[in-house]
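Descriptive analysis of the structure
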Amino acid sequence: MIEFPPGLILVLGALILPLLGRGPVMRAFSLLLPLATLAAVWMVPGDAQVTWSFLDLELRPLVWNAPTRVFATIFSLMAFGGALFALNQPRRVELPAAFMYAGSAVCVTFAGDILTLFMFWELMAIGSTIVVWSGGTPEAAKAGQRYVAVHLVGGVVLMAGILAHVFALKAGGVADPIALRYFEFGPNGFDALSFAGAGDIAPWLILIGVLVNAATPPLGSWLADAYPEASESGTVFLSAFTTKTAVYVLMILFAGTELLIYAGMLMAVYGIVYAILENDMRRILAYSIVNQVGFMVCGIGIGTEMALNGAAAHAFAHIIYKALLLMSAGSVLYMTGKRKCTDLGGLYHTMPITMWCGIIGALAISSFPWTSGFVSKSMISQAAADGHLFLPWMVLTAASAGVFLHAGIKFPWFVFFQKDSGLRPKDPPWNMKAAMLLFAFLCVALGLGYQPLYDILPYPATGPEPLYEPYSASHIVSQLQLLLWSGLAFFLLLPILKRTLTITLDFDWFYRAFFPGLWRRALKPVVDLLVNLRDLFFDECIKVGRAVTQADALAAQIPIFREWSLGSAMVLTTFVLFVYLIVGFLH
Amino acid sequence: MLEIQAHLPVLVVVVPLIGGVLTSLMGRGALPWAWATLVTGATFALTLRLMATLLASGAPHISYEVGNWPRWWGIEYRVDLLNAFILLVVAGVGFITTIYAKESVADEIPRDRHNLFYTVWVLAICGLLGITVTGDAFNVYVLLEISSLTVYALIAMGKDRNRKALTASLRYLILGSVGASFILLGIGYLMMVTGTLNMEDMREQLLRTPDLDHHRTVLVAFAFLLVGLSLKMALYPLHMWLPKAYTYAPSAVTALLAATATKVAVYMSFRFLFGIFGPEFSFQRLPSHLILLAGACLGVVFSSLSAIRQQSVKRLLAYSSVGQIAYIVAGFSLANENGVAASIIHIFNHAVTKGGMFMAVGAVALRVGGTDLKHMRGLGRRMPLTMAALTVGGLGLVGFPLTAGFISKWYLIKGALDAGMWGLIAIVLLGSILALVYVWKIIEAVYFHEPEDPRARDATEAPIMMLVPMWTLIGLSLYFGVDANFTSDTALRAAKSLLGGAP
């Protein structure tokens, strides 16, 4: 019986790992730790009750919440795949940091109270920052600094919200103010998120803190900024945990909050727009994380059982195929040292395994039937249709086509086919191939045998009839139609895409061709505005802060920062004495 | 054995007093240091014993009449949970910094003055312990003078590294003397009204005084005391002596001062505000808490802003100390249980955190020869343990969860909520962000730059005699960040008794 949070195996193991050197012992251990964690997740008894005392609080670090099993399982599995892929990487701190990061993510899913959750949330921020820094380049160092700044500020906002919320509950006489409550802010939709009264600021602060980690624009530009700067293996780890833990927390606290439907739609569109404009292959995939997480956030906003199941299943499937895609891109980067689409091409001659794995990942992310993406994403669309939510359904469907364009076709086409770049790299070392093959297998296996996944969803089937039947004829036909038509569109537009890739993409023209007028008149101004706001908040603040902290000449001009002379100090002392005397006599 | 047990309260002062004077006879070798370590170690053991005795007796306090004179004529030493805790902190940090001082002092102070240095050093610790243990108002002043004069001398000993230590010391001497004489005036006025110097007696007499609220002499005494105490504990804007003093003092002295001197001044304020005047007079009838709170809020913001713009790490940390003192003052000026407890906890937490950080800076001074940010560049790879201590301590200043700083802020925020002061919470959060900025400046220099200074390029890790004390303090700050039961229980109990008006 497991009587401790399974994630601690990874977190504590991460501390031992550096002591084992770089030899086979350490490698074996690094594969064993995630497997032990996975086993431990499944060995936690259903009625587990563990409490830790901290200050005057009872923390509960080991609790089954509805979505815990599906998230904890995929996080442990992902840690294994990532470790396998990273087996040959030479950097000393990257893997321990990644394990601390992954282990904290598992711990978040088992947290039974909001403070435990917050503590591991912050530990994730630390671990992931070190993973970014392990990229080792000057760009990685700078991106990591921006990354950690955003996450610490987000953490402070979240902490403020949690404190305000807990104390408000305590003042209201609620027995256990720190407990995690399902749908805490959800079912009332906008009602819970109102600005009426000062106490109601708490849900907003919490929501903002979580949305920072979910990479929702305009708070989410850290993702595409930092992830591609990490190492080949680092990016694989990064893609899995931060955004999906945010999805988990949203699902627990904010399920059914209508605002999230719109946030999710914005993310889905934003991710596609930027992915299509991008030339760096890993940045394309980073933007498509935003797009995919948008589907999940949207599902959480819809908030029905079907939608929440879909969001959880999609998180599961997404982690696998996104990691697979990034492994494929990472292998290319590892073997060629190039990361721009325009520098690559024609690699299918010499990297067949990498190519096939990349294509399987691309099909899965495009929700091609008989892959994992199909059995999960269609649940969200179905939930939108069941709820008669026409606009979300439309946007999700359009975004599905968009995903196929940028991640499904653009990535493999420009990297593996297209023109011949003259590069002749081999497939990567065995461990990288093994990791890709494992995840490629999982993508297909989940697409065909989806029942084990459906069994661990937050709301498993209760009666004899199946939870959801993805392979109805109409589903398959409509999805294939969508994919084939957008595939056709891609190749028709290819001359334009190609030409513009070498110069600049003519953004407006492209979008007018796709969504006539819609983009330019409605969406782009909003996105621009949000991007500007984000620039203002993060870049300008940092710039101003830097200018202020380094301008010593400026400092000398501001009297309050000048060194006081002894005489003025005495005058000030006397003045304070007078204040006390006067207050004393007048009170 | 029984004898020692009975005389513990006075031994805490007598042992370092005599031991300190004897240090001057110890010649020039390592002997003065060894002797000082022995004396401070013995003193620490005595304070541990004292705490154990107090807890075992179950009595609210232990009273000791020096020379068996009745307390209203002679001097009473009086130990309750609060000052037993502060004694433990001061003696413990004193002992650990004495161990640390060996390498640092050998490097920074000429050899022929080592015996004098350690004499003054032990006497300073003696004075601080005496202020804490005594229950006699005039004795407070006498011991305050002992600790102040010795500290002025200690700061001036930094002159061999930088002549500015002399002006820094002079500056502190002038402002400190003003503060001390204000305190003396306040005590004098109180004696005029009450006819006694024993603190408990003063309290009883004041309670009997008719129309206390409008008693001019009491009000003047209150004003002088509060200003004097604010000066000694460096409450913004009366902190003007502190940055220079901390910057130019020898490294070991800075570590000792940052961890103990201002904290004892805060303890004195507890005694006067809660013990003698009583919380009702100090905080309900007079709006003095608003003045204190204003000073504290300004202190958190402006001293953090000042810290951000420093290029010298010692001065940066000195300004950060002003900000941290402001948190302590903000806590007790709320005059509720959680707020006062936050102050008491933070006295301990900040002592270990900042003490450990100044030790790390001292190690840099030893290895690189300077303590500016430019000297720190690139040291992350060359002095990994020292820089890790500095980083962990820095996270404690920010109030990161799992560090001791988080616990203090937690109680402070609780106290502010109890008092309904949302503005203070905003200030605390703002202070944390500003602290993050200045701590980040250090982290950036340490880990993200290549060394500039030629000596930094081939610097090696600090000697073990520095690393052990440094990590002891930083380790304590981590331990009490995770398991805060001892500190928070003690602080809550002490806060309860303070608010109950116990002297």
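Residues numbered from 1 in each chain as written. Chains lettered and ligands numbered in written order. Predicted model: local features only at pLDDT ≥ 70, side-chain atom pairs only at ≥ 80, totals over all residues. Heavy atoms only, no water.

**Let's talk about the overall build of chain B**
- If you tally the helices and strands in chain B, you get 21 helices and 2 strands.
- Here the C-alpha radius of gyration of chain B, 21 Å, is about what a compact globule of 503 residues would show, namely 23 Å.
- Buried positions account for 66% of the 503 residues belonging to chain B.
- Taking all contacts inside chain B whose residues are at least 6 apart in sequence as the whole, residues at least 24 apart take part in 80%.
- About 15900 Å² of surface is accessible on chain B, with carbon and sulfur atoms providing 65% of the total. (Helix = DSSP H or I, 4+ residues; strand = E, 2+ residues; numbered from the N terminus. Rg over C-alpha atoms; globule rule 2.2 N^0.38 Å. Buried < 20%, exposed > 50% of the residue type's maximum accessible area, 1.4 Å probe, protein only. Contact = heavy atoms within 4.5 Å. Areas by Shrake-Rupley, 256 points an atom, 1.4 Å probe, with all protein chains shown as cover.)

**Brief notes about the overall build of chain A**
- Within chain A one finds 22 helices and 2 strands.
- Expressed as a percentage of its 587 residues, the buried residues of chain A come to 59%.
- When contacts within chain A are restricted to residue pairs at least 6 apart in sequence, long-range pairs at least 24 apart make up 80% of them.
- Put simply, chain A shows about 21900 Å² of open surface, and 69% of that area lies on carbon and sulfur atoms.

**Some points on the packing of aromatic side chains**
- A complete count under the given rule lists 43 aromatic pairs over all chains for this structure.
- Taken together, a centroid distance of 4.9 Å and an interplanar angle of 85° make the contact between B:Phe222 and B:Phe277 edge-to-face. Note that B:Phe222 is positioned in helix H8 (residues 216-232) and B:Phe277 in helix H10 (residues 251-285), a separation of 55 residues in sequence.
- Taken together through their ring pairs, the aromatic side chains of A:Phe71, A:Phe75, A:Tyr101, A:Phe241 and A:Tyr248 make up a single cluster.
- A cation sits over an aromatic face here: A:Arg69 above A:Trp42, 4.7 Å from the ring centre. (Phe/Tyr/Trp six-rings, centres within 6.5 Å; stacked < 30°, edge-to-face > 60°. Lys NZ or Arg CZ within 6 Å of the ring centre and 35° of its normal.)

**Regarding the side chain of A:Ser378**
- Relative to the helices and strands, A:Ser378 resides in helix H14 (residues 372-386).
- Every residue in contact with A:Ser378, bar those within four places of it in the chain, is listed here: A:Gly373, A:Tyr468 and A:Pro470.

**Things to note about the packing of helix H3 (residues 81-108) of chain B against helix H13 (residues 337-368) of chain B**
Residues and elements named next belong to chain B.
- Relative to each other, H3 and H13 sit at 0°, their axes nearing to 11 Å. Here H3 lies roughly parallel to H13, going by the angle between them. Counting all contacts with H3, which are made through Leu82, Phe85, Ile86, Val89, Ile96, Thr97, Tyr100, Glu103, Asp107 and Glu108, the residues of H13 involved are Ile344, Ile347, Phe348, Ala351, Phe358, Met359, Gly362, Ala363, Ala365 and Leu366.
- Of the residues in the contact of H3 with H13, the class split is 15 nonpolar, 2 polar and 3 charged. (Axes fitted to C-alpha atoms, helices over the stretch in contact; angles between N-to-C directions. Parallel < 35°, antiparallel > 145°, perpendicular 65-115°, else oblique. Nonpolar A, V, L, I, M, F, W, Y, C, P; charged D, E, K, R; others polar.)

**Quick word on the packing of helix H11 (residues 288-308) of chain B against helix H18 (residues 422-447) of chain B**
Residues and elements named next belong to chain B.
- In the contact formed by H11 and H18, the axes pass within 8 Å of each other and the chain directions differ by 20°. The pairing of H11 with H18 is recorded here as roughly parallel in orientation. Here the hand of the crossing between H11 and H18 comes out left-handed. For the pair H11 and H18, the contacting residues are Leu293, Cys297, Val300, Val301, Ser304, Leu305, Ala307 and Ile308 in the first and Leu424, Ile427, Leu430, Gly431, Leu434, Val437, Tyr438 and Lys441 in the second. (Left-handed = near helix turned anticlockwise from the far one by under 90°.)

**Brief notes about the interface of chain A and chain B**
- Tallying the contact residues gives 46 residues for chain A and 57 residues for chain B.
- The junction of chain A with chain B conceals about 4700 Å² of combined surface from both sides, 78% of it contributed by carbon and sulfur atoms.
- Inspection of the chain A/chain B interface yields 0 salt bridges.
- Run the count over chain A and chain B and you get 0 residue pairs in polar contact (both at pLDDT 80 or more).
- Within the residue set of the side of chain A that touches chain B, elements represented by two or more residues are helix H5 (114-133), helix H6 (138-171), helix H20 (518-550), helix H21 (552-557) and helix H22 (566-586) of chain A.
- Counting residues per element, the side of chain A that touches chain B draws most heavily on H22(A), at 13 residues.
- Taken together, the residues that form the side of chain A that touches chain B break down as 34 nonpolar, 6 polar and 6 charged. (Buried area = accessible area lost by both parts, 1.4 Å probe. Salt bridge = Lys/Arg side-chain N within 4 Å of Asp/Glu carboxyl O. Polar contact = N/O pair within 3.5 Å; in protein donor to acceptor, adjacent residues only side chain to side chain.)

**Here's the deal with the pattern of salt bridges**
- This structure, assessed with the given rule, holds 12 salt bridges over all chains.
- Each of the salt bridges in this network shares a partner with another, and the network as a whole consists of A:Glu229, A:Asp280, A:Arg283 and A:Arg339.

**Observations concerning the side chain of A:Ser366**
All names here are of chain A.
- In this fold, Ser366 is placed in the loop between helix H13 (352-365) and H14.
- Under the relative-accessibility criterion, Ser366 is labelled buried at 0%.
- A polar atom in the side chain of Ser366 sits 2.6 Å from the backbone oxygen of Ala362.

**Description of unusual backbone geometry**
- Look at the link from B:Tyr236 to B:Pro237: it is a cis peptide, with omega at 0°.
- Among the structural elements, B:Pro237 can be located in the loop between H8 and helix H9 (242-248).
- One non-glycine residue, A:His388, lies in the positive phi region at around 55°.
- Position of A:His388 among the secondary structure elements: in the loop between H14 and helix H15 (390-416).
- Look at B:Ala234: it is not a glycine, yet its phi comes out positive at around 60°.

**A look at the environment of B:Val13**
All names here are of chain B.
- Checked against the element boundaries, Val13 lands in helix H1 (residues 2-23).
- The class of Val13 is buried, set by a relative accessible area of 6%.
- A sequence separation of 320 residues divides Val13 from Ser333, and the C-alpha atoms of the two residues are 30 Å apart.
- The contact partners of Val13, leaving out residues within four places of it in the chain, are Tyr77, Cys126, Gly130 and Val133.

**Details of the pairing of strand E1 (residues 50-54) of chain A**
All names here are of chain A.
- Pairing of E1 with strand E2 (residues 57-62) involves 4 bridges; the strand directions are antiparallel. Within E2, the residue paired with Ser53 across the bridge is Glu58.
- Linking E1 to E2, which pair antiparallel, is a turn of 2 residues; within it Leu55 sits at a positive phi near 55°. (Pairing = 2+ DSSP bridges.)

**A short note on a nonpolar patch on the surface**
Residues and elements named next belong to chain A.
- A cluster of nonpolar side chains, namely Leu12, Leu15, Ile16 and Leu19, defines an oily patch on the protein surface of about 420 Å² accessible area.
- In this structure, Leu15 sits in helix H1 (residues 7-16).
- A relative accessible area of 53% places Leu15 in the exposed class. (Patch = residues over 30% accessible without salt bridge, like charges linked within 9 Å, V, L, I, M, F, W, Y side chains within 5 Å.)

**With respect to the environment of B:Tyr172**
Residue and element names in this part refer to chain B.
- Relative to the elements of secondary structure, Tyr172 occurs in helix H6 (residues 164-194).
- By relative accessible area, which is 6% here, Tyr172 ends up buried.
- It is 9.9 Å that separates the C-alpha atoms of Tyr172 and His239, two residues lying 67 residues apart in sequence.
- Ignoring anything within four residues of it in the chain, the contact list for Tyr172 reads Val151, Tyr152, Ile155, Ser177, Lys232 and Trp241.

**Remarks on the nonpolar core**
- Counting 388 residues, the largest nonpolar core has A:Phe241, B:Trp121, B:Phe332 and B:Ile344 as its most contacted members.
- Split by domain, this core shows at least three residues from each of two domains, domain 1 (256-461 + 468-497) and domain 3 (562-586) of chain A.
- Not counting the four nearest positions on each side in its chain, B:Phe332 is found in contact with B:Met233, B:Val266, B:Ser269, B:Phe270, B:Leu273, B:Phe274, B:Phe283, B:Leu292, B:Gly339, B:Val340 and B:Ser343. (Core = buried A, V, L, I, M, F, W, Y, C linked by side-chain atoms within 4.5 Å. Domains from an automatic or database assignment.)

**Some points on helix H16 (residues 430-448) of chain A**
Residue and element names in this part refer to chain A.
- Between its first and last C-alpha atoms H16 spans 27 Å; for 19 residues at 1.5 Å apiece the expected length is 27 Å, and the two agree.
- Those residues of H16 that fall on the buried side of the exposure criterion are Asn431, Met432, Ala435, Met436, Phe439, Ala440, Leu442, Cys443, Leu446 and Gly447.
- Looking at the packing, one finds that the buried side of H16 touches helix H3 (68-85), helix H12 (305-336), H13, H14 and helix H17 (451-455). (Expected span 1.5 Å × (residues − 1).)

**Regarding the environment of B:Ile345**
All names here are of chain B.
- Mapped onto the elements of the fold, Ile345 is located in helix H13.
- C-alpha separation for the pair Ile345 and Gly394, spaced 49 residues apart in sequence, amounts to 18 Å.
- Not counting residues within four places of it along the chain, the set of residues in contact with Ile345 comprises Ile407, Ser408, Tyr411, Thr487, Ser488 and Ala491.

**Observations regarding H13(A)**
All names here are of chain A.
- If you check H13, its first and last C-alpha atoms are 20 Å apart, about what 14 residues at 1.5 Å a residue would give, namely 20 Å.
- The complete set of buried residues in H13 reads Thr354, Met355, Cys357, Gly358, Ile359, Gly361, Ala362, Ala364 and Ile365.
- Against helix H11 (281-302), H12, H14, H15 and H16 lie the buried residues of H13.
- Following H13 by one or two positions, Ser367 has its phi on the positive side, about 60°.

**What about the confidence of the model for chain A?**
Residue and element names in this part refer to chain A.
- For chain A, mean pLDDT is 82; residues scoring 70 or higher make up 85% of the total.
- Here helix H19 (residues 507-514) stands out as the element of chain A with the lowest mean pLDDT, 43, in contrast to H3, whose mean of 94 is the highest.
- Between residues 187-199, whose pLDDT stays under 50, and residues either more than four places distant or in other chains, the model counts 17 contacts. (pLDDT = per-residue confidence, 0-100.)

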